[in-house]
Amino acid sequence: MTKLKKGVQSLYSYVTKPTVKRKASITYQVLWNYILIFMIVMVIGIFFAGGVGAGYFASIVKDEPVRSEKQLKDSLLNYEETSEIYFADNVYLGKLRTDLERQEVQLEDVSEHVKKALIATEDAYFYKHDGVVPKALMRAIIQEVTGSAVQTGGSTLTQQLIKQQILSNEVSFDRKAKEILLALRLEKFLEKDEILESYLNISPFGRNSSGRNIAGVQTAAQGIFGVNAKDLSLPQAAFIAGLPQNPYSYTPFTQFGEVKEDISPGLNRMKTVLKRMYNNGDITKKEYDEALKYDVKAHLAKRQPSSTERYPYLTFEVEKRAIEIMMPILAKKDGYKQKDLNESEDLYQQYYHLADQTIRQNGYKIHTTVDKKMYDNMQKVTKNFPYYQGTRPAEKTDPETGEKVIVNEPVDTGAILIENSTGKILSFVGGRDFEREQLNHATAAVRSNGSTMKPLLVYAPAMEYGVSFPAKTLINAPININGYKPGNYAGGGITGLTTAREALKRSYNIPAVLQYKEIMNRRPAEYLKKMGFTSLIEADYTNLSTSLGALERGVTVEENTNAFATFANGGEFVDAYMIEKIEDSDGNVIFEHKSKAEKVFSPQTAYLTLDMMRDVLKSGTAAGINSKLKFYSDWAGKTGTSQSFRDAWFVATNPNVTFGVWMGYDSNGSVETGGMSYSQRNQSLWAQLINSAYDVNPKLIAPSSQHQMPGGIVTRSYCMLTGTLATAACADAKLTVSDYFNASHLPKGGGNMPTSSESYVFINGKKYLAHKGTPAEFTEKGIAVSGDFFNSIGGQYVTDKSAIMPKGDTFKNLVVGGATLNDNGKAPSAPSVTANGKAISWSPSGDSDVIGYYVYQNGKKVASIKVDDTRSFSTSGTGTYHVAAVDIAGNISKPSNKIEFKMEKKAEEKKEESKNEEKKDKKETKKDNKKNEQNKPAAEPAEQTNDDEATDKPADEKPKDEKPEESGEPADAAEPASVEPEEDEAA
């Protein structure tokens, strides 16, 4: 202490010396002058640097347009938002596919924890600054210039918002200068909460549990923790608030929706956020400590498959239809019409891509007509159906290598259910496996529709033209129309004359072709166009095979089924649709479907067609359907098979709904197999699918009402031979039956009724008119129908006129006028006869005009055998027999070889000896009896008999009443009951 005092005193004595004081004063003045000079230079430098900086700043932002308040708000607040899909009745389905999923949320619906965490982490002075923080900005610049390892960042939330929505992520002073300028301007137009809300909706947050890229705090809350943004807890909010700095490093999910093995980067970032919240006074020490213990991994959302994964066929179909809806809406805003899009491929593609982007990014709510439960049920039935045919080898292109490979291709299917009155698509089946085949077999695959075409293109149009009706007489016999030779299923089913009703019920092809030939010049395919067929080309209007479903391109299940609904709608077509309405993010309806009915057929034609198709299910090609259903309904439908059995169809309609199912191979392989037929498989699937829809809505699927008969339908008796109204002649022939007719198109009666009695012959089961010289014993009497009548219904194309007449007792005495068998101009060749016991048989003559055979015994005709009868004759066992063939003109062949029958001599002798022995025995017996009588005592008179009267007779004399003994000679064979004319015995 003493030393310290001495030191201070010594220093004081030094500085108070005059010389020291003088030197110190001079030094101070010099230093002060230097300081003043430095300060002046510094101030000048700062102003100079500021001027230069301001000039530089002005130079780099001079090209940035001065954005108005509206422009800034439009740029920042109209951000992309993922659109959503809904089933019918507002049942949520999922989101449309997009590169970035985002769902808007209001700031009031965001947890306070999120707001505080974000501000504490990203912008502590958010509510105090005017868009930028100079100190933070300078610190960031110094760190950037010096290459500091610690980068604290200098952007406010406002600046980050500008960067994400207006500017790029480019790192440059140019972009930074513009960012500052726009941030300062934005703060003048938007409130702080508006800026914060926008930031929370715009910022990226990595991936969700489906592996999809996400943006916006609501999407992040749902996709990461499975809760809404307003329900986020403190640790959850801290985890999410830390993601925007480096979303894909901090996100806990991979691109496949799997939880990363190491999520520590995100956890460390969460701890940083919590620390800053605590330092900022936003949370207490207790809250901070508890939040650090939170097990994030245990509370992550479970993987949720996207709508595309769960409902791939439906999601893709909705996307496609939504684009098609938006295209004309967007084009109209630019002054274009739908016609302009159809005529210009470039314009079409331009608005297609614009509509595609629009429906994915504007947060639309797309409401569909599809019933979720029905749809789910149908997918289950399709997956579990046990009767699919097996796979078949098919050639496909490997998508990775581009090489052709052989794969085992399964049979596929498509189905669709449509509400008749509205056109709503209630449900559909796009296929069995989307991963294997993405083609939607209900709405996009075009196929031949086989015989389901017949009511649409043949019978309904013909009735609408007034040239046909259910009782219309048609020909079902082999035909040739300029080289076109259609046949019935499997080459069978030739029945001769039939009705339109029967032909449709049995699905005969030939009558349909002939009926179509009659009306084809009226271009009935126009009716298909009216009923929604979109793939028609000119050849479909002119090819006869179109009547059997052989379209050049094909038709979809939707189009084919939709057309059948026309009949249930009284002849009016209501186009099927799947999207009910589209709303924007604010709930405004920007599109709403309005069903429109277009008249195609008269109500009378529609009903008559329905009534004909009822028979298909009652007793026709789909007679087994009703037994497979768990309910009854007034179904009317049609089966169908395409050429080479490539497609199997069944479409049916009741008063409420129409349902169609197709089955086939994508590579067009045959569906014909052993065991259960392809038609039975398809009908079984149809039944199971519609049963599953019935389980959801019984009243809709099985209405108690029937198809209602309109006015103008009458019941009339008609001649089943000609289809004309019944006459007395028809009634006498017992050919009168009844059916429904359109009162406006009643057929004329009587003109083509049979009027002449003719003789005909049967040859190989076919009827031919007898010639003038045809022997009567080979003919039968019948009624001949005018050949002109048959030509009026296509008889001129029939290759065998005898096949026109139907089989069965009803028509057994009818013959077609002009169905003649030509005489070959020569006598037939003789048959060859053989013996079999007492019977003879012979080979057929080699001539096609032979109608029968004569049998002769000892040169005399004893039988006439028709050619269709058994070629044999039972003889009497004696005599000489031969056979001659007879042709249609009465020509007789040369005699066949002769067969002679004789009795065996040994047998005759034995028979005679046996008879002689019998006579001898009888004589001996008589002698013995006489001798006994003589030795017998005299009897009482009362007991005498008349035997005494015979005692004087010779022993070998017979009583008068005795029959003569058999002579033992063979009796002559009796003559036939009917003797042929003498002139016929010349053979």
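Residues numbered from 1 in each chain as written. Predicted model: local features only at pLDDT ≥ 70, side-chain atom pairs only at ≥ 80, totals over all residues. Heavy atoms only, no water.

### Points about the packing of helix 10 (residues 234-241) against helix 12 (residues 264-279)
Here comes step 1: Helix 12 packs onto helix 10 with a crossing angle of 110 degrees between their chain directions and a minimal axis gap of 8 Å. In terms of their interaxial angle, helix 10 and helix 12 are classed as roughly perpendicular. The hand of the helix 10/helix 12 crossing is right-handed. Here Leu234, Pro235, Ala238, Phe239 and Ala241 of helix 10 lie close against helix 12, whose contacting residues are Gly266, Leu267, Met270, Val273, Leu274 and Met277. (Axes fitted to C-alpha atoms, helices over the stretch in contact; angles between N-to-C directions. Helix = DSSP H or I, 4+ residues; strand = E, 2+ residues; numbered from the N terminus. Parallel < 35°, antiparallel > 145°, perpendicular 65-115°, else oblique. Left-handed = near helix turned anticlockwise from the far one by under 90°. Contact = heavy atoms within 4.5 Å.)

### So, helix 4 (residues 112-122)
Here comes step 1: Burial runs high along helix 4: eight of the eleven residues are buried.
Here comes step 2: The N-capping residue of helix 4, defined by a side-chain oxygen 3.1 Å from the backbone nitrogen of His113, is Ser111. (Buried < 20%, exposed > 50% of the residue type's maximum accessible area, 1.4 Å probe, protein only. Polar contact = N/O pair within 3.5 Å; in protein donor to acceptor, adjacent residues only side chain to side chain.)

### As for the sheet that holds strand 17 (residues 636-641)
Here comes step 1: Spatially, 10-9-19-18-17 is the arrangement adopted by the five strands of the open sheet, whose pairing is antiparallel. Strand pairing shows two members of the sheet lacking a second neighbour, strand 10 (425-429) and strand 17, which therefore form its edges. Ignoring strand direction, the axes of neighbouring strands in this sheet form an average angle of 5 degrees.
Here comes step 2: Looking at chain direction, strand 17 and strand 18 (residues 647-653) are connected through six bridges and run antiparallel. The residue of strand 18 that forms the bridge with Lys638 is Val651.
Here comes step 3: Here helix 18 (residues 372-384) sits on the sheet in contact with strand 9 (412-419), strand 10 and strand 19 (657-664), set at roughly 20 degrees to strand 10. (Pairing = 2+ DSSP bridges.)

### Focus: the side chain of Ser203
Here comes step 1: By secondary structure assignment, the location of Ser203 is in the loop between helix 8 (192-202) and strand 4 (204-207).
Here comes step 2: Taking relative accessible area as the criterion, Ser203 reaches 0% and is therefore assigned buried.
Here comes step 3: For Ser203, the residues in contact, after removing those within four places along its chain, are Gln164, Ala215, Gly216 and Pro244.

### With respect to the packing of aromatic side chains
Here comes step 1: Applying the stated criterion to the full structure yields 34 aromatic pairs.
Here comes step 2: Taken together, a centroid distance of 4.9 Å and an interplanar angle of 75 degrees make the contact between Phe126 and Tyr127 edge-to-face.
Here comes step 3: Given the relative accessible area of 49%, Tyr127 is considered partly exposed.
Here comes step 4: Three or more aromatic residues joined by ring pairs form one cluster here, namely Phe631, Trp635, Phe650, Phe659, Trp686 and Tyr694.
Here comes step 5: In this arrangement the basic side chain of Arg392 is found over the ring face of Tyr665, its NZ or CZ atom lying 5.6 Å from the centre.
Here comes step 6: Directly above the aromatic system of Tyr465 lies the positively charged group of Arg522, at a separation of 4.7 Å from the ring centroid. (Phe/Tyr/Trp six-rings, centres within 6.5 Å; stacked < 30°, edge-to-face > 60°. Lys NZ or Arg CZ within 6 Å of the ring centre and 35° of its normal.)

### Describing the sheet that holds strand 30 (residues 872-874)
Strand pairing in a sheet takes place through backbone hydrogen bonds and is either antiparallel or parallel in direction.
Here comes step 1: Taken in spatial order, the three strands line up as 26-27-30 in an open sheet, and their pairing is antiparallel. Each edge of the open sheet carries a strand with a single partner, namely strand 26 (833-836) and strand 30. Pairs of neighbouring strands in the sheet enclose a mean axial angle of 20 degrees, with direction left out of account.

### Digging into the pattern of salt bridges
Here comes step 1: Tallied over the full model, the rule gives 33 salt bridges.
Here comes step 2: A salt bridge links Arg436 to Asp412, with the nearest nitrogen and oxygen atoms 2.7 Å apart. Residue Arg436 is found in the loop between strand 10 and helix 19 (453-465), and its partner Asp412 is found in strand 9; the two are separated by 24 residues along the sequence.
Here comes step 3: Exposure remark for Arg436: the relative accessible area of 24% places this residue in the partly exposed category.
Here comes step 4: Between Glu502 and Lys505 there is a salt bridge, with its nearest N and O atoms 3.3 Å apart. (Salt bridge = Lys/Arg side-chain N within 4 Å of Asp/Glu carboxyl O.)

### Quick notes on the packing of helix 6 (residues 157-165) against helix 8
Here comes step 1: Closest axis-to-axis distance for the helix 6/helix 8 pair is 10 Å, and the angle between their directions is 50 degrees. Comparing their axes, helix 8 and helix 6 come out oblique. Between helix 6 and helix 8 the crossing geometry is left-handed. For the pair helix 6 and helix 8, the contacting residues are Leu157, Thr158, Gln160, Leu161, Gln164 and Gln165 in the first and Ile195, Leu196, Ser198, Tyr199 and Ile202 in the second.

### Topic: the pairing of strand 14 (residues 579-583)
Here comes step 1: Two elements, strand 6 (residues 365-368) and strand 14, share four bridges in a ladder whose sense is antiparallel. Bridge assignment links Ile366 to a residue of strand 14, and that residue is Ile582.
Here comes step 2: Two strands pair when backbone bridges link them, and strand 14 and strand 15 (residues 589-592) are joined in this way by three bridges, in the antiparallel orientation. Bridged to Ile582 within strand 15 is Phe591.
Here comes step 3: Where strand 14 hands over to strand 15, the hairpin turn is made up of five residues, of which Gly587 adopts a positive phi near 90 degrees.

### Notes on the environment of Lys485
Here comes step 1: When you line up the elements, Lys485 lands in the loop between strand 11 (473-476) and strand 12 (496-499).
Here comes step 2: Lys485 gets classed as exposed once you look at its relative accessible area, which sits at 60%.
Here comes step 3: Sequence separation between Lys485 and Tyr797 is 312 residues, and the spatial gap between their C-alpha atoms is 9.6 Å.
Here comes step 4: Excluding residues within four positions of it along the chain, Lys485 makes contact with Ile479 and Asn480.

### Describing unusual backbone geometry
Here comes step 1: For Asn482, which is not glycine, the phi torsion reads 50 degrees and is therefore positive.
Here comes step 2: Take Asn482: it is sitting in the loop between strand 11 and strand 12.
Here comes step 3: Residue classification places Asn482 among the exposed residues on the basis of a relative accessible area of 79%.
Here comes step 4: Although it is not a glycine, Asn858 adopts a positive phi angle of roughly 50 degrees.
Here comes step 5: Along the chain, the position of Asn858 falls in the loop between strand 28 (850-857) and strand 29 (860-866).

### Some details on the confidence of the model for the chain
Here comes step 1: Considering every residue of the chain, the mean pLDDT works out to 83; 79% of them sit at 70 or more.
Here comes step 2: Per-residue pLDDT stays below 50 along residues 47-63; that stretch engages in ten contacts with residues further than four places along the chain or on separate chains.
Here comes step 3: Between residues 931-987, whose pLDDT stays under 50, and residues either more than four places distant or in other chains, the model counts 32 contacts. (pLDDT = per-residue confidence, 0-100.)

### Things to note about the environment of Asn742
Here comes step 1: Mapping Asn742 onto the fold places it in strand 21 (residues 736-742).
Here comes step 2: By relative accessible area, Asn742 is classed as buried at 8%.
Here comes step 3: For Asn742 and Pro470, which are 272 residues apart along the polypeptide, the C-alpha to C-alpha distance reads 9.7 Å.
Here comes step 4: Sequence-distant contacts of Asn742, that is, excluding residues within four places in its chain, are made with Ser602, Gln604, Leu608 and Gly712.

### Side note on the environment of Ile590
Here comes step 1: Position of Ile590 relative to the elements: it lies in strand 15.
Here comes step 2: Ile590 sits in the partly exposed class, given a relative accessible area of 31%.
Here comes step 3: Separated by 261 residues in sequence, Ile590 and Ile329 place their C-alpha atoms 9.0 Å apart.
Here comes step 4: Once you skip the residues sitting within four places of it in the chain, Ile590 turns out to touch Met326, Ile329, Tyr364, Ile582 and Asp584.

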